Amino acid sequence: MRSTSGDRAPSTVAAVQVALPPYRYPQHEITEMVAELCLPPGADRTRIRQLSESAGVATRHLALPRESYAALGDFGRANDAWIEAASALGEEAISGALKQADLDPAALDLIACVSVTGIAVPSLDARLALRMGMRPDVARMPLFGLGCMAGAAGVARVYDYLRGRPDGAAVLLAVELCSLTLQPGDHSAANLVAGSLFGDGAAAVVMLGAEHPAAGAAHGPRIVASRSTLYPDTEYVMGWNIRSTGFRVVLSPDAPDLVRAHLPRTVREFLAEHGLSPDDIATWVCHPGGPKIMKAVTESLGLADDALAATRASLAQVGNLSSASVLHVLQEIRDAGRPPQPGSWGLMTAFGPGFSAEMVLLRW
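Remember, it's a predicted structure, so these values are computed and weren't measured experimentally. (Residues numbered from 1 in each chain as written. Predicted model: local features only at pLDDT ≥ 70, side-chain atom pairs only at ≥ 80, totals over all residues. Heavy atoms only, no water.)

**Some details on the overall build of the protein**
Rule in force here: Secondary structure follows DSSP: runs of H or I at least 4 residues long count as helices, runs of E at least 2 residues long count as strands, and numbering of each begins at the N terminus. For this measure, only C-alpha atoms enter the radius of gyration; the expected value for a globule follows 2.2 Å times N^0.38, where N is the number of residues. Throughout, exposure labels follow a simple rule: accessible area from a 1.4 Å probe, protein chains only, divided by the maximum for the residue type, with under 20% read as buried, over 50% as exposed, and the rest as partly exposed. Note on definitions: a residue-residue contact is assigned when non-hydrogen atoms from the two residues lie within 4.5 Å.
The secondary structure content of the protein amounts to ten helices and 14 strands. For 364 residues, the compact-globule estimate of 2.2 N^0.38 gives 21 Å, and the C-alpha radius of gyration of the protein, at 19 Å, lies within 12% of that figure. Taken across its 364 residues, the protein has 58% of its residues classed as buried. For the protein, restricting intrachain contacts to residue pairs at least 6 apart in sequence, the fraction spanning at least 24 positions comes to 80%.

**Notes on the pairing of strand β10 (residues 238-243)**
Spelled out, the test is: For two strands to be treated as a pair, DSSP must find at least two bridges joining them.
Two strands pair when backbone bridges link them, and β10 and strand β11 (residues 246-251) are joined in this way by six bridges, in the antiparallel orientation. Counterpart to M238 in the pairing with β11 is L251. Linkage of β10 to β11, two consecutive antiparallel strands, is achieved through a turn of two residues.

**A few points about the packing of helix α1 (residues 27-38) against helix α6 (residues 189-197)**
Threshold: To get an axis, fit a line to the C-alpha atoms, keeping to the stretch in contact for a helix; angles then go from 0 to 180 degrees between the N-to-C directions. Angle categories: roughly parallel below 35 degrees, roughly antiparallel above 145, roughly perpendicular from 65 to 115, and oblique for all the rest. By definition, turning the near helix anticlockwise from the far helix through less than a right angle yields a left-handed crossing, and turning it clockwise yields a right-handed one. Amino acids are sorted into nonpolar (Ala, Val, Leu, Ile, Met, Phe, Trp, Tyr, Cys and Pro), charged (Asp, Glu, Lys and Arg) and polar (every other residue, Gly among them).
Two numbers describe how α1 lies on α6: the axes approach to 9 Å, and their chain directions differ by 150 degrees. The pairing of α1 with α6 is recorded here as roughly antiparallel in orientation. When you trace α1 past α6, the crossing you get is right-handed. Residue-level inspection shows Q27, I30, V34 and C38 of α1 in contact with α6, the latter providing N191, L192, G195 and S196. Grouping the constituent residues of the contact of α1 with α6 by class yields four nonpolar, four polar and no charged.

**Topic: the UniProt feature "active site" (unreviewed entry) in the protein**
Going by this rule: UniProt positions are given in the numbering used here, feature names are shortened, and annotations may be inferred rather than shown by experiment.
UniProt's feature table lists "active site" (unreviewed entry) at C148, given in the numbering used throughout. Structurally, C148 can be placed in the loop between β6 (139-144) and α5 (150-164). Ignoring sequence-local partners within four residues, the contact set of C148 consists of F198, H287, N320, S322, S323, A350, F351 and P353.

**What to know about the confidence of the model for the protein**
Keep in mind that low pLDDT regions are not for reading the predicted coordinates in detail. Heads up, the condition is: Confidence scores here are pLDDT values: one per residue, from the predictor, ranging 0 to 100.
Predicted confidence across the protein gives a mean pLDDT of 94, with 98% of residues reaching 70 or more. Counting interchain partners and residues more than four positions distant, the pLDDT-below-50 stretch residues 1-7 has 26 contacts.

**Overview of the packing of aromatic side chains**
Heads up, the rule is: Paired rings are identified among Phe, Tyr and Trp, the last through its six-membered ring, by centres lying within 6.5 Å, and are further divided according to the angle between planes into stacked (under 30 degrees), edge-to-face (over 60) and tilted (the rest).
Following the criterion strictly, the structure yields five aromatic pairs and no others. Residues W240 and F247 carry aromatic rings whose centres are separated by 5.1 Å and whose planes lie at 25 degrees to one another, so their mutual orientation is stacked. The class for F247 is buried, based on a relative accessible area of 3%. Taken together, the ring pairs connect F75, F144, W240 and F247 into an aromatic cluster.

**Digging into the packing of α1 against helix α2 (residues 46-53)**
Where α1 contacts α2, the two axes come as close as 10 Å, and the packing angle between them is 145 degrees. In terms of crossing hand, the pair formed by α1 and α2 is right-handed. In contact with Q27, T31, E32, V34 and A35 of α1, α2 contributes I48, R49 and S52. Split into classes, the residues belonging to the contact of α1 with α2 amount to three nonpolar, three polar and two charged.

**Section: the UniProt feature "domain: Chalcone/stilbene synthase C-terminal" (unreviewed entry) in the protein**
Within this structure's numbering, the places UniProt gives as "domain: Chalcone/stilbene synthase C-terminal" (unreviewed entry) are residues 223-363. Taken end to end, residues 223-363 is 35% helix and 30% strand, and its first and last C-alpha atoms sit 7 Å apart.

**Things to note about the side chain of T234**
Within the secondary structure, T234 sits in the loop between β9 (222-230) and β10. Apart from residues no more than four positions distant in its own chain, T234 is found in contact with L258, G354 and F355.

**Quick word on the pattern of salt bridges**
Note the cut-off: Each salt bridge in this description consists of a side-chain nitrogen of Lys or Arg and a carboxyl oxygen of Asp or Glu lying within 4 Å of one another.
Counted according to the given criterion, the structure contains 15 salt bridges. Residue R135 is joined to D137 by a salt bridge in which the shortest nitrogen-to-oxygen separation is 2.8 Å. Taking the shortest distance from any N to any O, the salt bridge between E269 and R265 comes out at 2.9 Å. Residue E269 and its partner R265 are located together in helix α7 (residues 255-272), separated by four residues, close to a single helical turn. Given the relative accessible area of 28%, E269 is considered partly exposed.

**What about a nonpolar patch on the surface?**
Applied cut-off: To count toward a patch, a residue needs a relative accessible area over 30% and no salt bridge; like charges are then connected within 9 Å, while nonpolar side chains (Val, Leu, Ile, Met, Phe, Trp, Tyr) are connected within 5 Å. Using a 1.4 Å probe, the Shrake-Rupley method yields the accessible areas, and only the shown protein chains count as cover for residues.
Nonpolar side chains collect at one region of the surface, where I119, V121 and F144 lie side by side and expose about 330 Å² of accessible area between them. Here F144 is to be found in strand β6.

**A word on the environment of L130**
Mapped onto the elements, L130 comes out in the loop between α4 (124-129) and β6. Residues L130 and A106, 24 residues apart in the sequence, show an inter-C-alpha distance of 9.3 Å. In this view, L130 contacts R135 and P136; residues no more than four positions away in its chain are not counted.

**A short note on the pairing of strand β7 (residues 169-177)**
The element β7 is extensively covered by neighbouring structure, given that nine of its nine residues are classed as buried. Side-chain alternation along β7 places A169, V171, L173, V175 and L177 on one buried face and A170, L172, A174 and E176 on a second face that is also buried.

**Thoughts on the nonpolar core**
Here is the rule: Here, the term nonpolar core denotes a set of buried Ala, Val, Leu, Ile, Met, Phe, Trp, Tyr and Cys residues that are joined through side-chain atoms within 4.5 Å.
Membership of the largest hydrophobic core comes to 54 residues, with the highest contact counts inside it found for Y69, I94, L180 and V206. Of all the secondary-structure elements, those providing two or more residues to this core are β2 (11-19), α1, α3 (75-101), β5 (110-115), α4, β7 and β8 (200-208). No other element matches the twelve residues that α3 contributes to this core. Of all hydrophobic cores here, the second largest spans 40 residues; its members include C178, L303, F351 and F355.

Now the structure itself:
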């Protein structure tokens, strides 16, 4: 099943801002924390240390101090911690993005919020909107369940909104506190892989419609088109099993093989609709699913070794931030010494539960 939006009335990325928790640790310290929480007393830690060393991660940020996780106790306490930390990080990210874009919160017509690591009703967007000075009539779009691809999907859905309101301004917030989903006492491969790979953080993107007065002065890429794809009979690949202890991660080792099997055709068909091929893409804004996923993307599309350099740098610096990762990669590309050439093409890609893919065509 596929959906696509065309290249009429492109919107523009006016700003992107990442916010990270203050608790930053080297990978080996987090590995020992995960081992203490998840392995039986006295268990051999060789396996988890090998997983950690092969993850491509150097440092990660945690929502709480490392010593606080053993005291969380249950899903309710973990979710309360998620609401508190996610609200603070979300406000920091949105405030930074609005400052970059030189916009007042009251200028926003839409706030979209994506997350898959906690639940709040009222949702985070509602909790933040009036507190930050947005208008009472601001439209809200909370999205749950899209997993790691929600950052790209959120950009696409905001783009869809701005096509219908081309003079509008919107912000997308992606906030994920993956450490709060870690399952103590669970020494399954999926839980240990997640504990070795995922980090905590948030990111906000301000987007402007094609007719917004500030759109012409924005320095970010234009959103030209998007494509969503669901692959049949792949629901087992990734997601959550909801238990009394919270979100128990589902991660199948089949994911890299599915990327190799499906991504090349998906990408080529999408780009061909716009007269492009993978060779025309100068900038790849790819979600860092992990070393095996990145290798599958690079090899299946025939990309140069350095095509995913920003993605690898993001993974090393902060780990896999789930939905916020592609936005962190976008910030990495923006802050690089050599920004993309004006007029060059980019492609944002991410994978999520379903098994599914989201692509956003960019032009600088």
